[in-house]
Amino acid sequence: GIQVEQSPPDLILQEGANSTLRCNFSDSVNNLQWFHQNPWGQLINLFYIPSGTKQNGRLSATTVATERYSLLYISSSQTTDSGVYFCAARGSGGYQKVTFGIGTKLQVIP
Amino acid sequence: NAGVTQTPKFRVLKTGQSMTLLCAQDMNHEYMYWYRQDPGMGLRLIHYSVGEGTTAKGEVPDGYNVSRLKKQNFLLGLESAAPSQTSVYFCASSAGQGGSGNTIYFGEGSWLTVV
């Protein structure tokens, strides 16, 4: 099945800083999503983005499907951005399961 | 708007006991999933369903059974709990009709400890 790798594994930011999280996947995808898991364990879908660019407030994401990577940008980070960010991808062709990366743990300090 | 609801939220089991986790979604989604989350391993798919009456194995199905008798419900059963099944379990659903219908919505998680 498809392999999903995320980097960096850990990230500490000063409040107000910007960051870029990366997700590499091993095969062509028809489904690529970014999730945020807050410190209480709740998983929230941020973007459904198998290709192209989307923006939602201070967050934006870009997927370059031909080069098999996706980037999540966080601008002007806030302490509420802390948590773990997961990338999840599903390969093309028939029904395949969605595979999650092991996440990037982000800590934003005041 | 409840979305995806899991019960129970917390449970402690003794080794060998059985239990069922219930997942309910009110979004009329076709696809439902059970994941487990363990430290350093992300989320791993246990079982999934692509519609009422269907189930299929995921990455880590051993020791678990599932049923989808009604479209809105997806049950996860542990027949004989083992300490290795101590984990946080997440139920999820998606419309499954392509495009943004692939967006996955998660429940709040169920913390299970097997002693």
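In what follows, the structure referred to is the one given above.
This one's a predicted model, so the numbers in the text were calculated from it and none came from an experiment.

Draft legend 1. Structural detail: the overall build of chain A. Looking only at helices and strands, chain A has 0 helices and 11 strands in total. When the helices and strands of chain A are placed in sequence order, the string is β-β-β-β-β-β-β-β-β-β-β. In terms of C-alpha radius of gyration, chain A reaches 13 Å, essentially the compact-globule figure of 13 Å for 110 residues. Considering chain A as a whole, with its 110 residues, one finds that 50% of them fall into the buried category. Taking the contacts inside chain A whose residues are at least 6 apart along the sequence as the reference set, 56% of them involve residues at least 24 apart. For chain A, the accessible area works out to roughly 5100 Å², and carbon and sulfur atoms hold 49% of it. Side-chain charges of chain A comprise 7 positive and 6 negative groups, with the mean position of each set lying 7 Å from the other.

Draft legend 2. Structural context of the layout of surface pockets. Taken as a whole, the largest pocket spans an internal volume of roughly 460 Å³. Around the largest pocket, the lining comprises 23 residues; the ones closest to its centre are Q37, V84, F86 and K105 of chain A together with Q37 of chain B. For the lining of the largest pocket, the secondary-structure elements that each account for two or more residues are β9 (83-91) and β11 (104-109) of chain A. Of the residues forming the lining of the largest pocket, the biggest block, 3 residues, is contributed by β9 of chain A. Residue classes in the lining of the largest pocket are distributed as 11 nonpolar, 9 polar and 3 charged. Its volume calculated, the second largest pocket comes out at about 290 Å³. As for the second largest pocket, its lining consists of 18 residues, and the residues nearest its centre are Q42 of chain A together with A2, V4, F106 and G107 of chain B.

Draft legend 3. Focus on the interface of chain A and chain B. Contact with chain A, which involves 19 residues of that partner, is made by 20 residues of chain B. Taking both sides of the interface into account, the surface hidden between chain A and chain B amounts to around 1600 Å²; carbon and sulfur atoms contribute 62%. Run the count over chain A and chain B and you get 5 residue pairs in polar contact (both at pLDDT 80 or more). Elements with a contribution of two residues or more to the side of chain A that touches chain B: β4 (29-37), β5 (43-48) and β9 of chain A. Per-element accounting of the side of chain A that touches chain B gives the leading share, 5 residues, to β4 of chain A. A breakdown of the residues in the side of chain A that touches chain B according to their chemical character gives 9 nonpolar, 8 polar and 2 charged.

Draft legend 4. Seen up close, the pairing of β9 of chain A. Residues and elements named next belong to chain A. With 9 of 9 residues buried, β9 is to be regarded as a mostly interior element. Note: β4 against β9, 8 bridges, orientation antiparallel. Bridge pairing in β9 links Q33 to A88. Here 3 bridges tie β9 to β11, and the two strands are oriented antiparallel to one another. Looking at the pairing, V84 lines up with K105 of β11. Pairing of β9 with strand β10 (residues 99-100) involves 2 bridges; the strand directions are antiparallel.

Draft legend 5. The sheet that holds strand β1 (residues 4-7) of chain A, seen in detail. All names here are of chain A. A sheet is described by the order of its strands in space; here 5 strands give the open sequence β1-β3-β8-β7-β6, paired in antiparallel fashion. The sheet is open, and its two borders are formed by β1 and β6 (52-56), each paired with just one other strand. Each strand of the sheet is rotated relative to its neighbour by a mean of 15°, with strand direction disregarded.

Draft legend 6. Region of the structure containing the sheet that holds strand β1 (residues 4-7) of chain B. Residues and elements named next belong to chain B. On the basis of which strands lie adjacent, the open sheet formed by 4 strands has the order β1-β3-β8-β7 and antiparallel pairing. Looking at the sheet topology across the chains shown, the edges are occupied by β1 and β7 (64-67). Each strand axis lies, on average, 20° off the axis of its neighbour in the sheet, ignoring direction. In the sheet, strand β3 (residues 19-25) pairs with strand β8 (residues 73-78) via 6 bridges, with the strands oriented antiparallel. Each bridged residue has a counterpart across the sheet, and for L21 the counterpart in β8 is L76.

Parameters and conventions
Residues numbered from 1 in each chain as written. Chains lettered and ligands numbered in written order. Predicted model: local features only at pLDDT ≥ 70, side-chain atom pairs only at ≥ 80, totals over all residues. Heavy atoms only, no water. Helix = DSSP H or I, 4+ residues; strand = E, 2+ residues; numbered from the N terminus. Rg over C-alpha atoms; globule rule 2.2 N^0.38 Å. Buried < 20%, exposed > 50% of the residue type's maximum accessible area, 1.4 Å probe, protein only. Contact = heavy atoms within 4.5 Å. Areas by Shrake-Rupley, 256 points an atom, 1.4 Å probe, with all protein chains shown as cover. Lys, Arg positive; Asp, Glu negative; His and termini not counted. Charge placed at Lys NZ, Arg CZ, Asp CG, Glu CD. 1 Å grid on protein atoms, 1.4 Å probe; cavity = no way out; pocket = protein on both sides within 12 Å on 5 of 7 lines; lining within 4 Å. Points joined across faces, edges and corners; volume = space filled by probe spheres on them. Nonpolar A, V, L, I, M, F, W, Y, C, P; charged D, E, K, R; others polar. Buried area = accessible area lost by both parts, 1.4 Å probe. Polar contact = N/O pair within 3.5 Å; in protein donor to acceptor, adjacent residues only side chain to side chain. Pairing = 2+ DSSP bridges. Axes fitted to C-alpha atoms, helices over the stretch in contact; angles between N-to-C directions.

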